[in-house]
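# A structural walkthrough
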Amino acid sequence: MKREEILKKILHIAEQNNVLYENESQEITAETLTCDYLDSLDATELIMLVEKEFDIAITDAEAESCITFGDIADLVAQRIA
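Remember, predicted model here, so these are calculated numbers, not experimental data.

Bringing the overall build of the protein into the picture now. Tallying secondary structure elements over the protein gives four helices and zero strands in all. Helices and strands appear in the protein in the N-to-C order α-α-α-α. Computed over the C-alpha atoms, the radius of gyration of the protein is 11 Å, within 12% of the 12 Å expected from 2.2 N^0.38 for a compact globule of 81 residues. By principal-axis analysis of the C-alpha atoms, the protein measures approximately 35 × 25 × 20 Å. At a minimum sequence separation of 6, the contacts of the protein that also span at least 24 residues come to 58%. Of the accessible surface of the protein, which amounts to about 5200 Å², a share of 48% is contributed by carbon and sulfur atoms.

Here you go:
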């Protein structure tokens, strides 16, 4: 699965589970900072949902290192490769 596909799936998961802040002024891309759209609780929830969706495990340290949505997609891509 390509990084772009993974990113789309992650954003879809976030939108479906209402973990994103409403921010219509900016489109979410791989470079978008997670802190612009997620508080710490929502970020944790998103990581848990991603783990479940992709059947992977992400450590707390790895989750904390994900600064952008692209970082999350990269981490998933590494796990499912």
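Note on helix geometry: an α-helix contains 3.6 residues per turn, so any two residues three or four positions apart are oriented the same way. With 14 residues, helix H1 (residues 3-16) should reach 20 Å at 1.5 Å per residue; the first-to-last C-alpha distance of 20 Å fits that figure. Burial in H1 covers these residues: Ile6, Leu7, Ile10, Leu11, Ile13 and Ala14. Looking straight down H1, one finds that the buried residues subtend no more than 155 degrees of arc, so they occupy a single side. Facing away from the buried side of H1 by over 90 degrees, the exposed positions are Glu4, Lys8 and Gln16.

A word on the packing of aromatic side chains. Tallied over the full model, the rule gives one aromatic pair. Note on Tyr37 and Phe69: the rings are 6.4 Å apart at their centroids and 70 degrees apart in plane angle, and the pair reads as edge-to-face. Of this pair, Tyr37 sits in the loop between H1 and helix H2 (40-54) while Phe69 is found in helix H4 (residues 69-80), placing the two residues 32 residues apart along the sequence. By the burial criterion, Tyr37 is buried, and Phe69 matches it.

Reading guide: rules and limits
The written sequence of each chain sets the order in which its residues are numbered from 1. Reporting in this predicted model follows two pLDDT cut-offs: at least 70 for local features of residues, and 80 or more for side-chain atom pairs to be given and counted; totals over whole chains, interfaces and linings ignore these cut-offs and use all residues. Where side-chain values are given, they derive from all heavy atoms of the structure, hydrogens and water being excluded. A run of DSSP states H or I qualifies as a helix once it reaches four residues; a run of E qualifies as a strand once it reaches two. Both are numbered from the N-terminal end. Our radius of gyration looks at C-alpha atoms and nothing else; its globule reference is 2.2 Å times the residue count to the power 0.38. It only takes one pair of heavy atoms within 4.5 Å for two residues to be counted as in contact. Computed by Shrake-Rupley with a 1.4 Å probe, the accessible areas treat only the displayed protein chains as cover when residues are assessed. Helix span is expected to be 1.5 Å times the residue number reduced by one. Only protein chains enter the area calculation, which uses a 1.4 Å probe; residues under 20% of their type maximum are buried, those over 50% are exposed, and those in between are partly exposed. The directions from the helix axis to the C-beta atoms are what the arc is built from. In summary, the pairing rule links any two rings of Phe, Tyr or Trp, Trp by its six-membered ring, whose centres are within 6.5 Å, and it sorts them by plane angle into stacked for under 30 degrees, edge-to-face for over 60 and tilted for everything else.

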